[in-house]
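Spelled out from the first residue to the last, the chains are:
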Amino acid sequence: MGAYAAAYERSIADPTRFWGLAARDVRWLVPPDRVLDDGAPPFYRWFTGGELNTCENALDRHVEEGRGDQAALIYDSPVTETVRTYSYRELTDLTARFAGALRALGVERGDRVVIYLPMIPEAVVAMLACARLGAVHSVVFGGFAAKELAVRIDDARPKVVVSASCGIEGARIVPYKPLLDQALELASHKVERCVVRQRPQLHADLVRPRDIDWDEAVAGASPAGPVPVASTDPLYILYTSGTTGRPKGVVRDNGGHAVALRWSMENVYGVGPGEVFWAASDVGWVVGHSYIVYAPLLTGCTTVLYEGKPIGTPDAGAFWRVAAQHRVKALFAAPTAIRAIKKEDPEGALAAAYDLSALETLFMAGERLDPETYRWASRVLERPVIDHWWQTETGWAIAANPRGLEPLPVKPGSPTVPVPGYDVRILSPDGTPAPAGADGDIVVRLPLPPGTLSTLWQDDERFVESYLTRHPGHYLTGDGGHLDEDGYLWVMGRTDDVINVAGHRLSTGTMEEVIAAHPAVAECAVIGVQDPLKGQVPRGFVVLKSGVDADPETLRAELVRMVREQIGPVAALKEISVVAGLPKTRSGKILRGAMRGIADGREVPVPSTIEDPAVLEDLRPILRTRDEP
Ligand code: COA
Ligand code: AMP
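Residues numbered from 1 in each chain as written. Chains lettered and ligands numbered in written order. Predicted model: local features only at pLDDT ≥ 70, side-chain atom pairs only at ≥ 80, totals over all residues. Heavy atoms only, no water.

**Concerning the overall build of the protein chain**
Consideration 1: A count of helical and extended segments in the protein chain gives 20 helices and 32 strands.
Consideration 2: Expressed as a percentage of contacts within the protein chain between residues at least 6 apart in sequence, the contacts between residues at least 24 apart total 69%.
Consideration 3: Here the protein chain has roughly 23,500 Å² of accessible surface; of this, 50% comes from carbon and sulfur atoms.
Consideration 4: Positive and negative side-chain charges of the protein chain, numbering 66 and 82 respectively, have mean locations separated by a distance of 1 Å. (Helix = DSSP H or I, 4+ residues; strand = E, 2+ residues; numbered from the N terminus. Contact = heavy atoms within 4.5 Å. Areas by Shrake-Rupley, 256 points an atom, 1.4 Å probe, with all protein chains shown as cover. Lys, Arg positive; Asp, Glu negative; His and termini not counted. Charge placed at Lys NZ, Arg CZ, Asp CG, Glu CD.)

**Concerning the UniProt feature "domain: Acetyl-coenzyme A synthetase N-terminal" (unreviewed entry) in the protein chain**
Consideration 1: The feature "domain: Acetyl-coenzyme A synthetase N-terminal" (unreviewed entry), as annotated in UniProt, sits at residues 4-58 in this numbering.
Consideration 2: In the segment residues 4-58, helix accounts for 42% and strand for 27%; the C-alpha atoms at its two ends are 27 Å apart. (UniProt positions renumbered as here; feature names shortened; annotations may be inferred.)

**Overview of the site of ligand 2**
Consideration 1: In the vicinity of ligand 2 lie 15 residues, with His 388, Thr 392, Asp 479, Arg 494 and Arg 505 positioned nearest.
Consideration 2: Taking Asp 387, its side chain carries an N or O atom lying 2.8 Å from a nitrogen atom of ligand 2.
Consideration 3: Taking His 388, its main chain carries an N or O atom lying 2.7 Å from a nitrogen atom of ligand 2.
Consideration 4: Protein chains bury 94% of the 490 Å² of accessible surface belonging to ligand 2 in isolation. (Near = heavy atom within 4 Å. Polar contact = N/O pair within 3.5 Å; in protein donor to acceptor, adjacent residues only side chain to side chain.)

**Focus on the nonpolar core**
Consideration 1: Ranked by internal contacts, the top residues of the largest apolar core, which has 111 residues, are Phe 98, Val 162 and Tyr 291.
Consideration 2: A per-element tally of this core places helix H6 (residues 121-133) first, with 10 residues.
Consideration 3: The contacts of Tyr 291, once residues within four sequence positions are left out, are Leu 261, Ser 264, Met 265, Tyr 269, Phe 277, Ala 279, Pro 296, Thr 303, Phe 332, Trp 390, Gly 395 and Trp 396.
Consideration 4: Judged by nonpolar contacts, the second largest core, of 48 residues, contains Val 114, Val 136, Leu 180 and Val 560. (Core = buried A, V, L, I, M, F, W, Y, C linked by side-chain atoms within 4.5 Å. Buried < 20%, exposed > 50% of the residue type's maximum accessible area, 1.4 Å probe, protein only.)

**Some points on the site of ligand 1**
Consideration 1: Among the 22 residues in the neighbourhood of ligand 1, the closest are listed as Glu 169, Arg 172, Pro 310, Ala 502 and Arg 564.
Consideration 2: Glu 169 has a polar side-chain atom sitting 2.8 Å from an oxygen atom of ligand 1.
Consideration 3: Within the side chain of Arg 564, a nitrogen or oxygen atom sits 2.6 Å from an oxygen atom of ligand 1.
Consideration 4: Residue composition of the shell around ligand 1, grouped by class: 10 nonpolar, 6 polar and 6 charged.
Consideration 5: Here the shell around ligand 1 spans two domains, and each of domain 1 (3-308 + 388-481) and domain 2 (502-624) adds at least three residues to it. (Nonpolar A, V, L, I, M, F, W, Y, C, P; charged D, E, K, R; others polar. Domains from an automatic or database assignment.)

**A word on the packing of aromatic side chains**
We describe a pair of aromatic rings using the distance from one ring centre to the other and the angle between the two ring planes.
Consideration 1: Under the counting rule described, the total for this entry stands at 30 aromatic pairs.
Consideration 2: The interplanar angle of 70° and the centroid separation of 5.2 Å between the aromatic rings of Trp 278 and Tyr 306 together place this pair among those described as edge-to-face. One end of the pair, Trp 278, is in strand E16 (residues 276-279); the other, Tyr 306, is in strand E17 (residues 302-306), with 28 residues separating them in the sequence.
Consideration 3: The exposure class assigned to Trp 278 is buried, which follows from its relative accessible area of 0%.
Consideration 4: Each ring, one from Trp 396 and one from Tyr 422, has its centre 5.2 Å from the other, and the planes form 55°; the classification is tilted. Of the two residues, Trp 396 is situated in the loop between strand E20 (385-387) and strand E21 (399-400) and Tyr 422 in the loop between strand E22 (417-418) and strand E23 (423-427); the sequence distance between them amounts to 26 residues. Here the two residues Trp 396 and Tyr 422 agree in accessibility, since each one is buried.
Consideration 5: The rings of Tyr 269, Phe 277, Tyr 291, Phe 332, Phe 363 and Trp 390 are connected pair by pair, giving a single aromatic cluster. (Phe/Tyr/Trp six-rings, centres within 6.5 Å; stacked < 30°, edge-to-face > 60°.)

**Quick word on empty space enclosed by the protein**
Consideration 1: Enumeration over the complete set of coordinates arrives at 4 cavities of 30 Å³ or more.
Consideration 2: Roughly 170 Å³ of internal volume is contained in the largest cavity.
Consideration 3: Lining of the largest cavity is provided by 16 residues; of these, Tyr 44, Arg 45, Thr 452, Leu 453 and Ser 454 occupy positions nearest its centre.
Consideration 4: Elements with a minimum of two residues in the lining of the largest cavity: strand E2 (43-48) and helix H16 (460-468).
Consideration 5: The element best represented in the lining of the largest cavity is E2, accounting for 4 residues.
Consideration 6: Looking at the lining of the largest cavity, its residues break down into 11 nonpolar, 3 polar and 2 charged.
Consideration 7: Considered as a void within the structure, the second largest cavity measures approximately 80 Å³ in volume. (1 Å grid on protein atoms, 1.4 Å probe; cavity = no way out; pocket = protein on both sides within 12 Å on 5 of 7 lines; lining within 4 Å. Points joined across faces, edges and corners; volume = space filled by probe spheres on them.)

**Thoughts on the sheet that holds strand E19 (residues 361-364)**
Consideration 1: Ordered by their spatial adjacency, 7 strands build an open sheet running E5-E4-E17-E16-E18-E19-E20, and the pairing between neighbours is mixed. Taken across any chain shown, the strands that pair with only one partner, and hence form the sheet edges, are strand E5 (82-87) and E20. The sheet shows a mean angle of 20° between the axes of neighbouring strands, direction not considered.
Consideration 2: As paired elements, strand E4 (residues 71-77) and E5 share 6 bridges and run antiparallel to each other. (Pairing = 2+ DSSP bridges. Axes fitted to C-alpha atoms, helices over the stretch in contact; angles between N-to-C directions.)

As structure tokens, then:
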């Protein structure tokens, strides 16, 4: 039996022993009484009774163990022409000081802090400073609009918000502070204090006494030490799109998270202490939380924080330049980024111009790695290109090619095999195991391994209802697919209304809510359709109220603006068609699945539940034609 199969079997047969051993790589202030607490299913807790501090594990301990002068963080920002390296000692000091500043503003263990920052070192410092105090951070991605930020503020109810004067998107400066001010006005929760990082590119007006400049806050602060927290205490809340307009606040604990991420770094990515890891994502997404910040630092690696794009900052060679300059061993990016590079540099000539000898592996996630992109990247880089599948909820890979444990043969289009700890099953809609090779709901038999979500923020009921009810005893991933005869998993796409646009997870339901509020719109549907660059893009279909005679182009522009203003530019809804009707079941449910299938060019039979087949037939030609503005 290979190393992977043996580890997998051990992890499923005896999770307590498996994760108990892995927990030895984490520094505990009080060792746990129990590895797996399964006393109250469907809720499971890891390392109960244990106390630790995640920030101490990510920073102080490495300084104490001799890594003080090693680079912890390399901030590489082509948009500001900056490269700056922070040693473990420096990052520890900065974090301790900012933790002291937060404490002076009243932040204590268990309090929430919302972080709305671009990709600057202060984002990492702020996250770790919260962890240091036992406070719970909730990072909101910069591409979201004020309203989305307000929704998150109302749900998390933070004492403090940490933000910056601006972000830099390619050549464009995006003012953050007006968005924050607007969000604070929209939110009903009252935030006591805001810390604002003034960037040289744009000065923000501060609202005194609520707002305080980052430098001012830090100047008067005394450094704070790590506060011991329970293993099961929340480390962070990260909001992610569900099927409705209300985002889900995924809660991550401290102990299970530290153990799982530490384990994943060496076993999944094959990267160990002292080596350089770069996740080209954003701290606002789960990839950024897990693999820009926590996992590399928990492991004593050097992590790269890249404020730039795959193309245009300045060209399609940017990824290869960064990888070469910082001797990156493993690069983690989204397939959409590689497709963007491929479009600009089809022969990969720019990759050939850099010394990539340190680079061992390119990891891909965020969306399915399509075989064409896989082949192109493999050819250009001449090294393993590894797809792996996971989601905000799990926080780390559910299926991967475990490069550190045992590299397995790649099958293009498959993220390879279930990762140790995840008992992945395929179930038919009626809950019975799907026949071998047949598509079904991809589920994970409970308990989920450590590091996965413990609940939704202050909403156990929604947690159970969203993930644990459809197939009792199993976690519903929301993705469909199958396992093949070799035990490889094939993830075929979401079974709900969540879409993935350029590696960004979005809810079509939220877009529908915005569109439906337009006075001319009677009803609408938004679906995700395949796109050669972004993987998927949203497409909207609206039916006008009777008697309304709106100009389709003007209406489209208004709806695009509304979605952009209320959800954010990242929603990227640009294609909207005015149609005569939407196909529905007899009970009135819009047949989005059938619409999606037709739009993606599949042969879709008329669903038996349809109320009026003629509506679908009228829509077919519209669905088949991309209506790019
Ligand atoms: N703050 C403010 N605005 C942001 C933003 C941020 N952090 N991130 C994105 N936006 C804006 C963009 O500027 C763009 O605005 P525009 O419509 O005015 O041009 C819009 O949101 C859509 O952005 P995006 O989807 O990123 O499209 P793009 O055309 O700018 O770039 C790619 C396309 C493929 C280069 C880019 O999407 C990319 O790098 N994707 C990788 C994503 C990724 O790493 N995801 C993490 C999962 S691992
Ligand atoms: P997020 O929570 O933003 O990480 O998005 C998670 C969703 O993205 C998953 O449920 C999948 O639908 C999709 N996804 C992420 N990685 C992959 C992958 N490697 N293959 C297929 N789908 C993926």
